[in-house]
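# Descriptive analysis of the structure
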Amino acid sequence: MQPPGADVVVVRHGEIGTKSNHVGKKMERQLRENLAAMLADRGVEGEVEQRRLRLLVHTDDPEGATAAAADTFGVVSASPASRVEPTVDAISEGLRGAAREHYDGGTFAVSARRAGEESAHPFSSTDIEREGGSAIWEAAEAGEVEPEVDLDDPETEFFVDCRAEEAFLFLEKRPGPGGLPLGTQDPMIALMSGGIDSPVAAWEVMKRGAPVIPLYVALGDYGGVDNQARALSTTETLASYAPDRDMRLRIAPAGDAVAAVADAVEVGRMVVLRRFMFMVAEAVAEEVGAVGIVTGESIGQKSSQTTANLAVTSAAVDLPVHRPLVTVDKTEITQRADAIGTFHESTIPAGCDRLAPDYPETRARLDDIEDREPDGLRERAGAVAAEVEPVAESAASDPGEGETA
């Protein structure tokens, strides 16, 4: 919802403001670049201006620009706004016009903020709210609408952000993902299955500013026919949040190594398999300069994800293994997947269940697992990593091979 004459989007960030001046400015520049890339990717014409503690997008498409900003990591909220002179009269007139167009009854309130030196404005934010509220009331009565004020929980809220040079009027604060601008942290390898959990985990670290390099470990004959296609699809959805990054899914052809694990290991097979996958991810990370591994694991969700088994799988690599969903319930993970747009393509049953032994290991010991692992497993992981290549979108139609993350 936008006021009449809206031609700018006010974009707010939050956590950047807690950083030192040097770091904060660097992050703001990154956010500006990311937002400009998002606008360009969506075909929205707009010029991004960097202001203190916020960005402005000057555009003829405020709705499109607001939607783009609301999907940009680091953005707390965005508002399509109109600009008026920073005077009580001009603000009141602007609110009067907004009321004519958007207020059709129910409770309302005016929320005003005045920033800058007191000498710049001979009035307070309370003055703006009082005079602006009166203007809205008059406009409502003139339109035969019965107005009602509720300062605590209004059905319609009119916002005013008054600055020294101009005032912004807006009717909504559309929430963004928050977090930090993508690219302000070093990249990590994200093990992707296309299942519900792994895309959400990748999205969560992207929200904290870390680009991800998606990696799909193919299981050969033990994989489901739809796994690669859905992994590719969910990765493409994640890529829409980072249009200026290389988010192509990388494929690790691990069928032979997985078959060797399946033949050699019964007790602890899934733990060994996950250790192998981490080894592959670490080898890929060394090639691309990634500093960690991201998985969608959650404590107790599967037999391989007990606290004991997580400790054993993490010990397979020197890189840190990041598990942003480690304490999150499946219901909440599913809700997050739906919110970010990866749920639909994540709901096909995984084919990797064929690898699960009849009696899964839930309390693995590191020395026991290392004794059971086939000889040369780390070397096999390195060889698989050397064959990793990104796939094109057309590969979505290829049945491919399965994986678990």
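All of the points below concern the structure found in this document. (Residues numbered from 1 in each chain as written. Predicted model: local features only at pLDDT ≥ 70, side-chain atom pairs only at ≥ 80, totals over all residues. Heavy atoms only, no water.)

Between helix 5 (residues 197–207) and helix 10 (residues 330–340), the least distance of the axes is 9 Å, while the angle of their chain directions is 70°. When the axis of helix 5 is compared with that of helix 10, the two are roughly perpendicular. Contacts between helix 5 and helix 10 involve D197, P199, V200, W203 and E204 from the first element and K330, I333, R336, A337 and I340 from the second. Class assignment of the residues belonging to the contact of helix 5 with helix 10 gives a composition of six nonpolar, no polar and four charged. (Axes fitted to C-alpha atoms, helices over the stretch in contact; angles between N-to-C directions. Helix = DSSP H or I, 4+ residues; strand = E, 2+ residues; numbered from the N terminus. Parallel < 35°, antiparallel > 145°, perpendicular 65-115°, else oblique. Contact = heavy atoms within 4.5 Å. Nonpolar A, V, L, I, M, F, W, Y, C, P; charged D, E, K, R; others polar.)

The next thing to look at is the nonpolar core. Core analysis: the biggest nonpolar cluster contains 41 residues, and I189, L191, L215, L273, F276 and V280 have the highest contact counts within it. Where this core is concerned, the elements lending two or more residues are strand 10 (188–191), strand 11 (212–218), helix 7 (255–264), helix 8 (269–288) and helix 12 (377–386). Once residues within four sequence positions are removed from consideration, F276 is found in contact with A254, A257, L377, R380, A381 and V384. With 31 residues, the next largest nonpolar core counts A201, V205, V212 and V294 among its residues. (Core = buried A, V, L, I, M, F, W, Y, C linked by side-chain atoms within 4.5 Å. Buried < 20%, exposed > 50% of the residue type's maximum accessible area, 1.4 Å probe, protein only.)

Following the criterion strictly, the structure yields seven aromatic pairs and no others. For the ring pair F108 and F158, a centre distance of 6.3 Å and an interplane angle of 85° mean the geometry is edge-to-face. Of this pair, F108 sits in strand 5 (residues 106–114) while F158 sits in strand 7 (residues 156–162), placing them 50 residues apart in sequence. Of the residues examined, F158 reaches a relative accessible area of 0% and is grouped as buried. One aromatic cluster in this structure is built from F73, W203 and Y241. (Phe/Tyr/Trp six-rings, centres within 6.5 Å; stacked < 30°, edge-to-face > 60°.)

Strand order in this open sheet of six strands is 14-13-10-11-12-15, and the pairing throughout is mixed. The open sheet has two edge strands, strand 14 (321–322) and strand 15 (389–390), and neither has a second partner. (Pairing = 2+ DSSP bridges.)

So, about the pairing of strand 1 (residues 8–13). When you tally the buried positions in strand 1, you get six out of six residues, the bulk of the element. Burial of strand 1 is two-sided: the residues V8, V10 and R12 facing one way and the residues V9, V11 and H13 facing the other way are all buried. In this structure, strand 1 lies alongside strand 3 (residues 54–58), joined through five bridges in antiparallel fashion. If you follow V10 over to strand 3, its bridge partner there is L56. Pairing of strand 1 with strand 4 (residues 75–84), which is carried by six bridges, proceeds in the antiparallel orientation. Counted as the bridge partner of V8 is A81 from strand 4.

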